[in-house]
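One letter stands for each residue in the lines below.
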Amino acid sequence: MTTIASRTSLVRLAGAAAALAALSAWAQDDLVERGRYLTHAGGCISCHTEDVDDAVPLAGGRAMESPFGTFYSPNITPDVETGIGGWSDDDFVKAFWEGTSPDGEHYFPAFPYTAYTGASREDLLAIKAYLFSLDPVSRQSPEHDLAWYMSTRLAAGGWKAVNFDPARFEPDPSKDEQWNRGAYLVRHLGHCGECHTPRSVTGVLDNDREFAGSTFGGEKIPNISGHPGDGIGRWSASDIEYFLDIGMLPDGDFTGSSMADVIEDNTSKLTREDRLAIASYLKSVPAMETADD
């Protein structure tokens, strides 16, 4: 026979289990929401959404022109067949840290793992939690249309062997927390240098002219170094933060082209504190004359 005391214990155990389940659900919700924020910070939406009016966000298919041909971004919704729904945590982190697929294939650096390699495992798994919370979309991206000498993953592996050194971000102890946060966002999650730094004929970033602008791929990307004439050296931190929020330059004009997408899908979604952190880091970038690619 069940006593009153034992019934009370069972009720308490059931209540405790319910409370733990609720805490777990809240924790997962918090992780997903954090991942949503970091997905915007990482610029994932701009690249992984086709450039058409009715495109499904993150379902891939965006064409990215380069001197080596056209790359098409993959579907990163949690569809098992055409997206990343079958990826484990380690698969996901390995893609960002090492530029390698779950099957061991090398990614082309059109996927900026060369910058993402600095991201923390914690941040990457938050992004994965958000992506896996989305509805799966069955959509196969087109095959890359590349020059013959770049048409195999072996070519990507050879490029990596010569040009890629995986490493996590290490804060600079001589700088304050705001600067280090900005460095992490600019150099890794936001991967600003992937567009704003000139490249060699083999597609390697010329870090001796970091943030000096580029015309790689045909579009003129501006200089964002500290140069007072060619770059943004005369911009205040507030100018930079406001630009990243609404896309307005100090002279009142508005940005266009691909940067408009970055503003809409990435930097405008950040907190003001993170945009000011980005400004703090960019204000420390040495002056560089605009690169003549």
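Residues numbered from 1 in each chain as written. Predicted model: local features only at pLDDT ≥ 70, side-chain atom pairs only at ≥ 80, totals over all residues. Heavy atoms only, no water.

Notes on the packing of aromatic side chains
In step 1: Evaluated as defined, the whole model comprises 13 aromatic pairs.
In step 2: Note on F92 and F96: the rings are 4.9 Å apart at their centroids and 40 degrees apart in plane angle, and the pair reads as tilted. A residue pair is termed a helical-turn pair when its members lie 3 or 4 positions apart in one helix, as F92 and F96 do in helix 3 (residues 89–98) at four residues. Each member of the pair, F92 together with F96, is buried.
In step 3: An aromatic cluster of at least three residues, connected via ring pairs, comprises W87, F92, F96, Y107, F111, Y113, Y116 and F164. (Phe/Tyr/Trp six-rings, centres within 6.5 Å; stacked < 30°, edge-to-face > 60°. Helix = DSSP H or I, 4+ residues; strand = E, 2+ residues; numbered from the N terminus. Buried < 20%, exposed > 50% of the residue type's maximum accessible area, 1.4 Å probe, protein only.)

With respect to the packing of helix 3 against helix 5 (residues 121–133)
In step 1: Axis separation between helix 3 and helix 5 bottoms out at 10 Å; the angle between their running directions is 120 degrees. On the basis of the axis angle, helix 3 is oblique to helix 5. Crossing of helix 3 against helix 5: the hand is right-handed. Across the interface between the two elements, D89, D90, F92, V93, F96 and W97 of helix 3 pack against R121, L124, L125, I127, K128 and L131 of helix 5.
In step 2: Its residues assigned to classes, the contact of helix 3 with helix 5 comprises eight nonpolar, no polar and four charged. (Axes fitted to C-alpha atoms, helices over the stretch in contact; angles between N-to-C directions. Parallel < 35°, antiparallel > 145°, perpendicular 65-115°, else oblique. Left-handed = near helix turned anticlockwise from the far one by under 90°. Contact = heavy atoms within 4.5 Å. Nonpolar A, V, L, I, M, F, W, Y, C, P; charged D, E, K, R; others polar.)

Regarding the packing of helix 7 (residues 177–189) against helix 11 (residues 272–282)
In step 1: Following both chains from N to C, one finds helix 7 and helix 11 inclined at 90 degrees, their axes separated by 7 Å at the closest point. When the interaxial angle is binned, helix 7 and helix 11 end up roughly perpendicular. Residues Q178, W179, R181, G182, A183, L185, V186 and R187 of helix 7 pack against D274, L276, A277, I278, S280, Y281 and L282 of helix 11.
In step 2: Broken down by class, the residue content of the contact of helix 7 with helix 11 amounts to nine nonpolar, three polar and three charged.

Thoughts on the sheet that holds strand 1 (residues 63–66)
Pairing between the strands of a sheet is mediated by backbone hydrogen bonds and can be parallel or antiparallel.
In step 1: Strand order in the open sheet made by the three strands is 1-2-3, with antiparallel pairing throughout. The sheet is open, and its two borders are formed by strand 1 and strand 3 (145–146), each paired with just one other strand.
In step 2: Of the pairings in the sheet, the one linking strand 2 (residues 69–72) to strand 3 comprises two bridges and is antiparallel in character. Of the residues in strand 3, the one forming a bridge with T70 is D145. (Pairing = 2+ DSSP bridges.)

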